[in-house]
Amino acid sequence: MKLSALLERKNIVVPILNLDKQPVIEELLDAACATGKVTDRAKALQALMDREKLGSTGLEKGLAIPHARTNAVYGIVLAVGIAPDGVDFQAADGEFSNLFFLLIASEAMTTTYIQVLALIARLSQQESFRRNLLAARTPGEVLDIVNKAEE
Amino acid sequence: MESDRLVSKILLFIDGSEGCIYAAKFGIALAKVTGAELKALYVVNTNLLRQLEKARIFVKVEEIDFGRDLEEDGRRYLRHITELALRKEVSIETELLKGNVHELVIQEIKKWNADLLIIGELEPILSKQDTFHDEAEIIFRKAHCSVLVIKNPERVDQIYEELS
């Protein structure tokens, strides 16, 4: 599984326009819905927000990975967003988050879901990958960066 | 081990990827042709779940939930591969383990005395400092027996379907 296989221009948000947690998640979810794989937006949003209640998915170094399993989607859906000015996502290191990977998958996709989460973590460990994404100004540029990183 | 056989004991590494199904189909075909013993092994990657929890991507309750669901997934994959083998009248043994995937697969190769390991296509290499590494790649490098990496799914499907 490659991230690039899950990404199209329509599920990439550059720049993210909202400044608060739930609106940012909704903005990314709308991009995910553009894939046509989200069958119930309200249920998907609920699953994502329920997951946030367990603990923020804002990690370190500006990375946030809001994620949830729910049968409100068909298969697995990824949306990527860049917020150059950062968003207060209650991240683990107290810093603003500016690089978002929203992942939602059906209950039956456990193995793939974990593999994709691990792949996001793998790629995001690379400083050059994060830096290049943050400099991206269009969905096309984001796609090129992800493709190049996975070549 | 019977020395007059091309291969005697084939171990299939099943990881829940699409590629592992093709690896299994090829292994079934090879076992049918050579008369080799066949075993499918699935390892619940509790190590990766712990890493995801350590990286704060998962909270503890998710680590537990996903561990349980992966185990169910593993059992489902092994049942499916057993059906694929039986459909071609090939005997197969299965085993599900939990822990560090590459360590347990390497151990099983030795313990079962496998002389061929079959795996699906490898994930892309992303970084030398890769914490969330591809387990199959490590197994490929560390296995003490020969390792066959299965590609070309269409051809494998054709080989499997043409088996009598």
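Conventions and cut-offs
- Chains are numbered independently. Their residues run from 1 in the order of the written sequence.
- Working convention: letters from A go to chains and numbers from 1 go to ligands, in the order in which they are written.
- Side-chain atom pairs in this predicted model are given and counted only at pLDDT of 80 or more, local residue features only at pLDDT of at least 70, and totals for whole chains, interfaces and linings cover all residues.
- The way it works is that DSSP assigns letters per residue, a run of H or I at least four long becomes a helix, a run of E at least two long becomes a strand, and they are numbered from the N terminus.
- Put plainly, a residue is buried at 20 or more neighbouring C-beta atoms within 10 Å of its own, exposed at 12 or fewer, and partly exposed in between, counting only other residues' C-beta atoms, which are placed from the backbone.
- Whether two residues are in contact is decided by their C-beta atoms, placed from the backbone, lying within 7 Å.
- Whenever a helix is involved, its axis is fitted only over the stretch in contact; in every case the axis is a line through C-alpha atoms, and angles between N-to-C directions fall within 0 to 180 degrees.
- Working definition: roughly parallel below 35 degrees, roughly antiparallel above 145 degrees, roughly perpendicular at 65 to 115 degrees, and oblique for all remaining angles.
- Handedness of each helix crossing follows the sense of rotation of the near helix against the far helix: counterclockwise by less than a right angle gives left-handed, clockwise gives right-handed.
- Note on residue categories: nonpolar means Ala, Val, Leu, Ile, Met, Phe, Trp, Tyr, Cys or Pro, charged means Asp, Glu, Lys or Arg, and polar means any other residue, Gly included.
- At least two bridges found by DSSP between two strands are what make those strands a pair.
- When the strands point away from the viewer and the connection leading from the first strand across the helix to the second strand turns clockwise, the crossover is called right-handed.

> I'm lost on the overall build of chain A in this one. Help?
Counting its regular elements, chain A contains 5 helices and 5 strands. Counting helices and strands in the order they occur from the N terminus, chain A gives β-α-α-β-β-β-β-α-α-α. By principal-axis analysis of the C-alpha atoms, chain A measures approximately 35 × 35 × 25 Å. Scored against the burial criterion, the 151 residues of chain A give a buried share of 50%. Here the contacts in chain A between residues at least 6 apart in sequence split such that 70% fall between residues at least 24 apart.

> I keep staring at the packing of helix α2 (residues 46-54) of chain B against helix α3 (residues 60-87) of chain B and nothing clicks. Help me out?
What describes two packed helices is the angle between their axes and the distance between those same axes. All names here are of chain B. Packing of α2 against α3 brings their axes to within 9 Å, and their N-to-C directions diverge by 160°. The angle between the axes of α2 and α3 places the two elements in the roughly antiparallel class. By crossing handedness, the relation of α2 to α3 is classed as right-handed. On α3, the residues touching Thr46, Leu49, Arg50 and Glu53 of α2 are Lys60, Glu63, Phe66 and Gly67. Of the residues contributing to the contact of α2 with α3, the split by class is 2 nonpolar, 2 polar and 4 charged.

> When you look at the sheet that holds strand β1 (residues 9-14) of chain B in this model, what are you seeing that I'm missing?
In a beta sheet, neighbouring strands pair by backbone hydrogen bonds and run either parallel or antiparallel. Residues and elements named next belong to chain B. Taking strand neighbours across the sheet as the criterion, the 5 strands line up as β3-β2-β1-β4-β5 in an open arrangement whose pairing is parallel. Where the open sheet ends on each side, the last strands, each with one partner, are β3 (93-98) and β5 (146-149). Ignoring which end each strand starts from, the neighbouring axes of this sheet average 25° apart. Bridge count for β1 against strand β2 (residues 37-44) is 6 bridges, and the pairing is parallel. Residue pairing for β2: isoleucine 14 is matched across the bridge by tyrosine 42.

> What is the right way to look at the interface of chain A and chain B in this model?
Frequently, the measure chosen for interface size is the accessible area that the parts lose on association. Facing 18 residues of chain A, the contacting portion of chain B comprises 19 residues. Contributing elements (two or more residues each) for the side of chain A that touches chain B: α3 (110-124) and α5 (139-150) of chain A. Counting residues per element, the side of chain A that touches chain B draws most heavily on α3(A), at 8 residues.

> Is there a simple way to explain the pairing of β2(B) in this structure?
Residues in a regular strand point their side chains to alternate faces of the sheet. Residue and element names in this part refer to chain B. Burial analysis of β2 places 7 of its 8 residues in the buried class, the great majority of the element. Traced from β1 through helix α1 (residues 18-34) to β2, the parallel crossover comes out right-handed. Alignment of β2 against β3, held across 6 bridges, turns out to be parallel. Note on β3: the bridge partner recorded for alanine 40 is threonine 94.

> Would you explain the environment of Val156(B) in this entry?
Residue and element names in this part refer to chain B. With respect to the helices and strands, valine 156 occurs in helix α6 (residues 153-162). Each C-alpha atom of the pair valine 156 and alanine 29 lies 9.0 Å from the other, and the pair is 127 residues apart in sequence. Look past the residues within four positions of valine 156 in its chain and what remains in contact with it is Tyr22, Lys25, Phe26 and Ile150.

> How should unusual backbone geometry be read in this particular structure?
Following Val14(A), the chain continues to Pro15(A) via a peptide bond in cis, the omega torsion being -5°. Looking at the secondary structure, you find Pro15(A) in the loop between β1 (12-13) and α1 (21-33). Here the phi dihedral of Gln90(A) falls at roughly 55°; this positive angle occurs in a residue that is not glycine. Position of Gln90(A) among the secondary structure elements: in the loop between β4 (76-87) and β5 (97-105). C-beta crowding within 10 Å serves as the criterion here: with 14 such atoms nearby, Gln90(A) is assigned to the partly exposed category. One non-glycine residue, Arg56(B), lies in the positive phi region at around 70°. Along the chain, the position of Arg56(B) falls in the loop between α2 and α3. Using a count of 17 C-beta atoms within 10 Å as the deciding quantity, one classes Arg56(B) as partly exposed.

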